[in-house]
Amino acid sequence: MDEKRRPGGPDQEGAGGETENGRADSLEARRQRLDAELLARRTAETGRGSQKDDRQGYALAVKLSSEFIAGVIVGAVLGYGIDRLAGTTPWGLIVFLILGFCAGVLNILRSTGAVAQPGAARAKPDSGRGDDDGN
Amino acid sequence: MSNDPIHQFQISKLVPIEIGGLDLSFTNSSLFMVATVAAAAGFLFLTTSNRGMIPSRLQSVSEISYEFVASMLRDGAGSQGMRFFPMVFSLFMFVLVANLLGMFPYFFTVTSHLIVTFALAMLVIGTVVVYGFWKHGLHFLNLFVPSGVPGALMPLVVLIEVISFLSRPISLSVRLFANMLAGHITLKVFAGFVVSLGSMGALGIGGAILPLAMTVALTALEFLVAFLQAYVFAVLTCMYLNDALHPGH
């Protein structure tokens, strides 16, 4: 199919050098045409769906920020609690706040699907899709 | 009518009750929780009381909601997860009906209070922890031990995993709460623009068309969000229950 659509395709088959040249030219031309078409389509899509993108971006922002903030808050609360119990005043908060940041980043990576869910790889191969089907 | 966008979230005591120094008053929030449960239960009861082989329109709404939650649960937690169906279905219906009731003007939105959504999330996580330990014993702790981590890093990774697990109820509740709160405030602010522009004479009334159109569009969006957040809450519940059922054999 592709062979036929190429400009000057099948009838140039005889002369070797010319064919190579023509093929390279047509490949370059086709690539440029593809780029132009893709660009046009992409701009058209972004122009049309900008409001929808805003909405989805807002939903994504709430989702990811809640995941991250939750990790940090839990780390801070744990650290503060350990400090109150053990009397190690600044250190528990410092260490657990940093761990909380790590957990927050892990939460974000999980909810975007960049890292597998805990136990998902072993328990069910198809359940590592995360919660990316809504907010 | 108050023009304060936060005013709609105020708790007011309807029947003050105090037992042993604890304030157990029946508030407007309690009233709307009761209304939510009554509406959801009444709808399901009345629409399915006919038990027609060929369902009427309303009966098929009930059946669709059943099928919807059941397939969500089967996908998320496997067929074993169906033992949690009553809980997931109740949670889904409660959140959905509470969100939708909040769309009525002058109604109170139960899910726009963090403590309510947090209580719902703690119910989910509490079920996961209790069921996980009851079913698997200490094997449940395997959830926090990812495979293929070098021994030296293990304590650190386990600690991070534990914090990540503990942060689940918070992110679950904050997401529902933040979406409902932000949506209702936005709606109120735009509606407030209509009123304050409309009181500025002919030019103001012309300008008020823009925020009015925005309010109409936002109302539609809020109905979508009301459904979507109930769905997300139920999906995440299924995912967490899956951890309790299969803690990484």
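Residues numbered from 1 in each chain as written. Chains lettered and ligands numbered in written order. Predicted model: local features only at pLDDT ≥ 70, side-chain atom pairs only at ≥ 80, totals over all residues. Heavy atoms only, no water.

1. Section: the overall build of chain B
Reasoning step 1: Counting secondary structure elements, chain B contains seven helices and four strands.
Reasoning step 2: Counting from the amino terminus, chain B carries its helices and strands in the arrangement β-β-β-β-α-α-α-α-α-α-α.
Reasoning step 3: C-alpha extents for chain B along the principal axes are approximately 75 × 55 × 45 Å.
Reasoning step 4: Burial analysis of chain B (249 residues in total) assigns 44% to the buried set.
Reasoning step 5: Carbon and sulfur atoms provide 74% of the accessible area of chain B, an area that totals close to 12700 Å².
Reasoning step 6: If the 9 positive side-chain charges of chain B are averaged to one point and the 9 negative ones to another, these points end up 7 Å apart. (Helix = DSSP H or I, 4+ residues; strand = E, 2+ residues; numbered from the N terminus. Buried < 20%, exposed > 50% of the residue type's maximum accessible area, 1.4 Å probe, protein only. Areas by Shrake-Rupley, 256 points an atom, 1.4 Å probe, with all protein chains shown as cover. Lys, Arg positive; Asp, Glu negative; His and termini not counted. Charge placed at Lys NZ, Arg CZ, Asp CG, Glu CD.)

2. Notes on the UniProt feature "transmembrane region" (unreviewed entry) in chain A
Reasoning step 1: UniProt records the feature "transmembrane region" (unreviewed entry) for residues 58–82 and 88–109 of chain A in the present numbering.
Reasoning step 2: Along residues 58–82 of chain A one finds 100% helix and 0% strand; the C-alpha atoms at either end are 36 Å apart. (UniProt positions renumbered as here; feature names shortened; annotations may be inferred.)

3. Structural notes on the environment of F68 of chain B
All names here are of chain B.
Reasoning step 1: Looking at where F68 falls in the secondary structure, it is placed in helix α2 (residues 57–77).
Reasoning step 2: The class for F68 is partly exposed, based on a relative accessible area of 28%.
Reasoning step 3: Through-space distance from the C-alpha of F68 to that of Y231 is 9.7 Å; in sequence the pair is 163 residues apart.
Reasoning step 4: Excluding its chain neighbours within four sequence positions, the residues that come into contact with F68 are F92, F227 and Y231. (Contact = heavy atoms within 4.5 Å.)

4. Points about the nonpolar core
Reasoning step 1: Among the nonpolar cores identified, the biggest contains 51 residues, and V88, F92, V110, V128, F233 and Y240 of chain B are the most heavily contacted of them.
Reasoning step 2: Taken together, the elements giving at least two residues each to this core come down to α1 (28–48), α2, α3 (85–101), α4 (114–136), α5 (154–198) and α7 (209–245) of chain B.
Reasoning step 3: When near neighbours in sequence (up to four residues on either side) are disregarded, V110 of chain B contacts S29, F32, M33, T36, F94, A98 and V116 of chain B.
Reasoning step 4: Within the second largest apolar cluster, nine residues are counted, among which are F96, L99 and L106 of chain A together with I163 of chain B. (Core = buried A, V, L, I, M, F, W, Y, C linked by side-chain atoms within 4.5 Å.)

5. Regarding the UniProt feature "transmembrane region" (unreviewed entry) in chain B
Reasoning step 1: The UniProt record marks residues 30–48, 84–108, 114–134, 141–165, 185–213 and 220–242 of chain B with the feature "transmembrane region" (unreviewed entry), using the residue numbering of this structure.
Reasoning step 2: Secondary structure content for residues 220–242 of chain B is 100% helix and 0% strand, and the end C-alpha separation is 33 Å.

6. Focus: the confidence of the model for chain A
Residue and element names in this part refer to chain A.
Reasoning step 1: Predicted confidence across chain A gives a mean pLDDT of 72, with 59% of residues reaching 70 or more.
Reasoning step 2: Model confidence for chain A, summarised as mean pLDDT per element, is weakest for helix α5 (residues 120–123) at 45 and strongest for helix α4 (residues 89–111) at 90.
Reasoning step 3: Counting contacts from residues 1–6, a segment whose pLDDT is below 50, to residues more than four positions away or on other chains yields six contacts.
Reasoning step 4: Considering only residues more than four positions removed or in separate chains, one finds that residues 8–17, a stretch of pLDDT under 50, has six contacts. (pLDDT = per-residue confidence, 0-100.)

7. Here we look at the environment of I209 of chain B
Residue and element names in this part refer to chain B.
Reasoning step 1: With respect to the secondary-structure elements, I209 resides in helix α7.
Reasoning step 2: Judged by its relative accessible area of 54%, I209 falls in the exposed class.
Reasoning step 3: The sequence separation of I209 and T219 amounts to ten residues, and the corresponding C-alpha distance is 15 Å.

8. Observations regarding α4 of chain A
Reasoning step 1: Helix length check: α4 of chain A (23 residues) gives 33 Å between terminal C-alpha atoms against 33 Å at 1.5 Å per residue, within 8%.
Reasoning step 2: Looking at α4 of chain A, one finds that the buried residues are G92, F96, L99, G100, A103, G104, L106, N107, R110 and S111 of chain A. (Expected span 1.5 Å × (residues − 1).)

9. Focus on the packing of aromatic side chains
Residues and elements named next belong to chain B.
Reasoning step 1: What the rule picks out here adds up to 15 aromatic pairs over all chains.
Reasoning step 2: With centroids separated by 5.6 Å and ring planes inclined at 35°, the aromatic side chains of F68 and Y231 adopt a geometry described as tilted. You can see F68 sitting in helix α2 and its partner Y231 sitting in helix α7, a full 163 residues away along the chain.
Reasoning step 3: Residue classification places Y231 among the buried residues on the basis of a relative accessible area of 18%. (Phe/Tyr/Trp six-rings, centres within 6.5 Å; stacked < 30°, edge-to-face > 60°.)

10. What about the packing of α5 of chain B against α7 of chain B?
Residues and elements named next belong to chain B.
Reasoning step 1: Between α5 and α7, whose axes approach to 10 Å, the crossing angle comes to 175°. With respect to each other, α5 and α7 are oriented roughly antiparallel.
Reasoning step 2: Partitioned by chemical class, the residues of the contact of α5 with α7 number 17 nonpolar, seven polar and four charged. (Axes fitted to C-alpha atoms, helices over the stretch in contact; angles between N-to-C directions. Parallel < 35°, antiparallel > 145°, perpendicular 65-115°, else oblique. Nonpolar A, V, L, I, M, F, W, Y, C, P; charged D, E, K, R; others polar.)

11. What to know about the side chain of D83 of chain A
Residues and elements named next belong to chain A.
Reasoning step 1: Mapping D83 onto the fold places it in helix α3 (residues 50–86).
Reasoning step 2: Buried charge D83 goes without a salt bridge, the closest partner of opposite sign being R84 at 9.0 Å.
Reasoning step 3: A distance of 3.1 Å separates a polar atom in the side chain of D83 from the backbone nitrogen of L93.
Reasoning step 4: In this structure, D83 is in contact with T88, T89, P90, W91, G92 and L93, ignoring residues within four places of it in sequence. (Salt bridge = Lys/Arg side-chain N within 4 Å of Asp/Glu carboxyl O. Polar contact = N/O pair within 3.5 Å; in protein donor to acceptor, adjacent residues only side chain to side chain.)

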